[in-house]
Amino acid sequence: MEEIRELADEVSKKASKIDSENEMDLELLNLAFQKKLMGVNADETYGGLGKGYVELCMLAEELGKASGGFAHSVVVHHMAVDALRMFGSEEQKENFLKRLTTKEVGTLAITEPKGGSDVAALELKAEKDGDNFILNGRKTLITNAVFGSMFITLAKTENGITAFVVEKDKAKGLEIKKLEPSGMRGSGLASVGFKDVEVSEDNILGKEGKGMKVALATLSPNRIPFVAMGLGFAERCLEL
Ligand SMILES: Cc1cc2nc3c(=O)[nH]c(=O)nc-3n(C[C@H](O)[C@H](O)[C@H](O)COP(=O)(O)OP(=O)(O)OC[C@H]3O[C@@H](n4cnc5c(N)ncnc54)[C@H](O)[C@@H]3O)c2cc1C
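Here is what the cut-offs are and how they apply
- Residues numbered from 1 in each chain as written.
- Predicted model: local features only at pLDDT ≥ 70, side-chain atom pairs only at ≥ 80, totals over all residues.
- Heavy atoms only, no water.
- Helix = DSSP H or I, 4+ residues; strand = E, 2+ residues; numbered from the N terminus.
- Expected span 1.5 Å × (residues − 1).
- Bend = angle between axes of the 7 residues up to and from the residue.
- Buried < 20%, exposed > 50% of the residue type's maximum accessible area, 1.4 Å probe, protein only.
- Contact = heavy atoms within 4.5 Å.
- Near = heavy atom within 4 Å.
- Polar contact = N/O pair within 3.5 Å; in protein donor to acceptor, adjacent residues only side chain to side chain.
- Areas by Shrake-Rupley, 256 points an atom, 1.4 Å probe, with all protein chains shown as cover.
- Domains from an automatic or database assignment.
- Buried area = accessible area lost by both parts, 1.4 Å probe.
- Salt bridge = Lys/Arg side-chain N within 4 Å of Asp/Glu carboxyl O.

Visitor: Tell me about helix α1 (residues 2-21), and name the residues and values.
Guide: Between the first and last C-alpha of α1 there are 29 Å, a value that for 20 residues agrees with the 28 Å anticipated at 1.5 Å per step. Approximately 50° is the largest bend angle found in α1, and it occurs at Lys14. Of the positions making up α1, those classed as buried are Ile4, Leu7, Ala8, Val11, Ala15 and Ile18. Of the surrounding elements, those touching the buried residues of α1 are α2 (26-34), α3 (53-66) and α4 (68-87). Taken from the residues just after α1, Asn22 is the one with a positive phi, measuring 50°.

Set out below in structure tokens:
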């Protein structure tokens, strides 16, 4: 795909700056949106490219050759796209998915300071309050959190784990602390505090108490684009 190569060429010109300053180049992300490469496997009805994981892997590999941080940001964004593609209601796809494929960066917020591998052990609480839920707790190592605006967040509700679409501009009480990682720099990695963050029950992705299904169904296939990204890193190393 020519569009992928063109984007990767532009990214490689700015890769060193992104890495040294740990700062995403938002113009490059806009270019990716313009080229419809921020919704590769989302349906065209929702602003996506209508392709699949193979094309997403091609994108991840080419971007991996150009910039680790940029590639990582785009691959994690696609996890949010994929979660909405698989579990979003028609209304949620029209709203959230369309925004993710055309202009807003998303992420998956699962990991907490106590650990990430054991998703079932997460502690961020979501308590019902009328038609809303009130979220309290902390996530960490969240890619895209600095400049992204839609966080697919896993929280503990009365009947299990639930996935919520948290919109940064509506969520008062979010505290984003940028991290200084040694790798994947510029990918907007941050720790995210939730202090009485109000989220509407309309923002539940899938069913209440069925968030593990959302997490596992999203994480499993999306490990492959991460591998493709790693392949891109290795290819670039061999070139140097
Ligand atoms: C650059 C970067 C970006 C990230 N972006 C995101 C993001 O956007 N969203 C998000 O939610 N998370 C993100 N993460 C977090 C990542 O998903 C976690 O690091 C990962 O889930 C592992 O969690 P942990 O680091 O807390 O390690 P732990 O869960 O504490 O595990 C530590 C080690 O123990 C091993 N281990 C754990 N449990 C077991 C077990 N039962 N049996 C055997 N071995 C075990 C693990 O394999 C690992 O080697 C990111 C991490 C990094 C480094």
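Visitor: So what's going on with the site of the ligand? Which residues, and what values?
Guide: Neighbouring the ligand are 15 residues, the closest being Leu108, Thr111, Ser117, Leu141 and Thr143. The side chain of Thr111 places a nitrogen or oxygen atom 2.6 Å from a nitrogen atom of the ligand. Separating an oxygen atom of the ligand from a backbone N or O atom of Gly116 is a distance of 2.8 Å. In isolation the ligand offers 970 Å² of accessible surface; the protein chains occlude 42% of this area. Of all the secondary-structure elements, those providing two or more residues to the shell around the ligand are α4, β1 (106-109) and β3 (132-142).

Visitor: Describe the domain arrangement of the chain, listing the residues and the values that go with them.
Guide: Domain boundaries in the chain define domain 1 (2-104 + 217-239) and domain 2 (106-207). The straight-line distance from the C-alpha centre of domain 1 to that of domain 2 is 21 Å. Contacts between the two partners involve 30 residues from domain 1 and, on the opposite side, 25 residues from domain 2. Interface area, domain 1 with domain 2, both sides summed: about 2,200 Å², of which 62% is carbon and sulfur. Inspection of the region where domain 1 meets domain 2 yields two salt bridges. In this structure, Glu167 engages Arg99 in a salt bridge whose closest nitrogen and oxygen atoms are separated by 3.1 Å. For the pair domain 1 and domain 2, the number of links is 14 residue pairs in polar contact (both at pLDDT 80 or more). Sorting the residues of the side of domain 1 that touches domain 2 by element identifies α1, α2, α4, α5 (90-102) and α6 (211-239) as the ones contributing at least two each.

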